[in-house]
Amino acid sequence: LLESTSMSQLLWGHERQSAAEATEGHAGLLETAYGGMVLLEEIRDAPPRLQIQLARMLNTHEISPIGRSQSRPVNIRLICSTQVDLIREVAEGRFCPDLLYKIRVAQIALPPLRERRDDIPLLARYFLQKSARELGVEPKRMTDAALKFLAAQDLPGNVRQLENLCHWLTVMAPGQTIEVGDLPSELRGE
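Residues numbered from 1 in each chain as written. Predicted model: local features only at pLDDT ≥ 70, side-chain atom pairs only at ≥ 80, totals over all residues. Heavy atoms only, no water.

## Quick word on the packing of helix α6 (residues 119-135) against helix α8 (residues 158-172)
Thought 1: Across the interface, α6 lies against α8 with an axial gap of 8 Å and an inter-helix angle of 50 degrees. Classed by the angle they form, the pair α6 and α8 counts as oblique. Helix-helix and strand crossings are classified by hand; for α6 and α8 the assignment is right-handed. Where α6 abuts α8, its residues Ile120, Leu123, Ala124, Phe127, Leu128, Lys130, Ser131, Ala132, Glu134 and Leu135 lie against Val159, Leu162, Glu163, Cys166, His167, Leu169, Thr170 and Val171.
Thought 2: When its residues are assigned to classes, the contact of α6 with α8 shows 12 nonpolar, three polar and three charged. (Axes fitted to C-alpha atoms, helices over the stretch in contact; angles between N-to-C directions. Helix = DSSP H or I, 4+ residues; strand = E, 2+ residues; numbered from the N terminus. Parallel < 35°, antiparallel > 145°, perpendicular 65-115°, else oblique. Left-handed = near helix turned anticlockwise from the far one by under 90°. Contact = heavy atoms within 4.5 Å. Nonpolar A, V, L, I, M, F, W, Y, C, P; charged D, E, K, R; others polar.)

## Some remarks on the nonpolar core
Thought 1: Core analysis: the biggest nonpolar cluster contains 25 residues, and Leu30, Ile43, Leu54, Met57 and Leu99 have the highest contact counts within it.
Thought 2: Those elements that provide at least two residues to this core are α1 (4-12), β3 (37-40), α3 (48-60), α4 (86-91) and α5 (97-103).
Thought 3: For this core, the element with the highest residue contribution is α3, accounting for five residues. (Core = buried A, V, L, I, M, F, W, Y, C linked by side-chain atoms within 4.5 Å. Buried < 20%, exposed > 50% of the residue type's maximum accessible area, 1.4 Å probe, protein only.)

## Here we look at the pattern of salt bridges
Thought 1: A complete count under the given rule lists nine salt bridges for this structure.
Thought 2: A salt bridge links Glu41 to Arg160; its shortest N-O distance comes to 2.5 Å. With a gap of 119 residues between them, Glu41 in the loop between β3 and α3 and Arg160 in helix α8 connect regions that are remote in the sequence. (Salt bridge = Lys/Arg side-chain N within 4 Å of Asp/Glu carboxyl O.)

## With respect to a nonpolar patch on the surface
Thought 1: A contiguous nonpolar patch, built from Leu135, Val137, Trp168, Val171 and Met172 and spanning about 450 Å² of accessible area, is present on the exposed surface.
Thought 2: No other element matches α8, which puts three residues into the nonpolar patch.
Thought 3: The topology assignment puts Leu135 in helix α6. (Patch = residues over 30% accessible without salt bridge, like charges linked within 9 Å, V, L, I, M, F, W, Y side chains within 5 Å. Areas by Shrake-Rupley, 256 points an atom, 1.4 Å probe, with all protein chains shown as cover.)

The structure is reproduced here in structure tokens:
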């Protein structure tokens, strides 16, 4: 997340500033997404002031753009992600308890890929197809040995790392069939 002031402007928007500055107002992400969803990744990194503002918005269903005295209704689903235990963060005084109770409506624990190795070949095939579509090229195929090797890797970047790897392979692998030797050298430990 960005620092608190710029993040507040991004989320809540702002009204036109003084005539001397002649800056136009902008609707924030929360207003623009009216009726939809907003994803805030690593909510733990939100500055304390922003956590309080988010908790208040979730309680009142209203936002007040910066520079405006009247509030506006907001109707969004807020999805937050984190890799830390927010209950522990609250207990240690590093996360706003009110925000935790507001965002813990439905929780989904998604284990890392290293705990779901059977998903890696399926995801790799999907991402190779996706990259080929995006680039307008013929899809490449991984050999069983390459898929098995890939499934044995920890992939600390999880799905994003796998997607970027498949995009890289679509561009960089020399042939249509991807062998273990076509995988990046750092992945092969070289």
